[in-house]
Amino acid sequence: MLMAIVVLVLVGFVTDRGRRRVGLRRALRTGSGPLCMLKWPQREGRWRPGRLSKGADGRLTWTPAPRGAEVALPAELRCTGSRKPSWWREALAVNPSSRILEYEAAGEPLLIAVFVDDSEAMAEILGEV
């Protein structure tokens, strides 16, 4: 009985990983980026889910999920760091196994939370920033 439970858990884990990879490849093929969460601490002050993508002109846009209008991010984004979510600040709103990428735009901080599995795809999108 215990062996059957262990096998079912492992099958579920492998299936979930496969579905996530297929979904990420499909999203990148259609031009949208991986799912992430975005936070402008000085504006809204809360984490918003959405997709970050790069347009044909090279401009970064963020589309809120489940629906919403695209928001063009400032062109002068500058990377200031990367860290794990802190338990007392972000872990209740963001998956604790994700990475938080810290950026600055015109003196205003911008935080992007990305799943560890999606960090390579996000690096391609944010590579030149």
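Residues numbered from 1 in each chain as written. Predicted model: local features only at pLDDT ≥ 70, side-chain atom pairs only at ≥ 80, totals over all residues. Heavy atoms only, no water.

## Here's the deal with the nonpolar core
Next, step 1: Core analysis: the biggest nonpolar cluster contains 17 residues, and Leu52, Ile112 and Leu126 have the highest contact counts within it.
Next, step 2: For this core, the secondary structure elements donating two or more residues are β1 (35-39), β3 (60-64), β6 (99-105), β7 (108-114) and α2 (119-126).
Next, step 3: In terms of nonpolar packing, the next biggest core, distinct from the first, is built from 6 residues, Val94, Ile100, Leu111 and Ala113 among them. (Core = buried A, V, L, I, M, F, W, Y, C linked by side-chain atoms within 4.5 Å. Buried < 20%, exposed > 50% of the residue type's maximum accessible area, 1.4 Å probe, protein only. Helix = DSSP H or I, 4+ residues; strand = E, 2+ residues; numbered from the N terminus.)

## So, the sheet that holds strand β5 (residues 78-83)
Next, step 1: The 7 strands lie next to each other as β4-β3-β2-β1-β7-β6-β5, forming an open sheet whose pairing is antiparallel. Edge positions in the sheet fall to β4 (71-72) and β5, since each has one partner strand and no second.
Next, step 2: Pairing of β1 with strand β2 (residues 48-54) involves 4 bridges; the strand directions are antiparallel. Residue Leu38 lies in a different strand from β2, and its bridge partner there is Arg48.
Next, step 3: The sheet contacts of α2 involve β1, β2, β3, β6 and β7, and relative to β2 the element is tilted by about 55 degrees. (Pairing = 2+ DSSP bridges. Contact = heavy atoms within 4.5 Å. Axes fitted to C-alpha atoms, helices over the stretch in contact; angles between N-to-C directions.)

## Focus: the side chain of Thr61
Next, step 1: Along the chain, Thr61 falls in strand β3.
Next, step 2: Not counting residues up to four positions away in its chain, the partners in contact with Thr61 are Arg51, Leu52, Ser53, Glu70, Val71 and Ala72.

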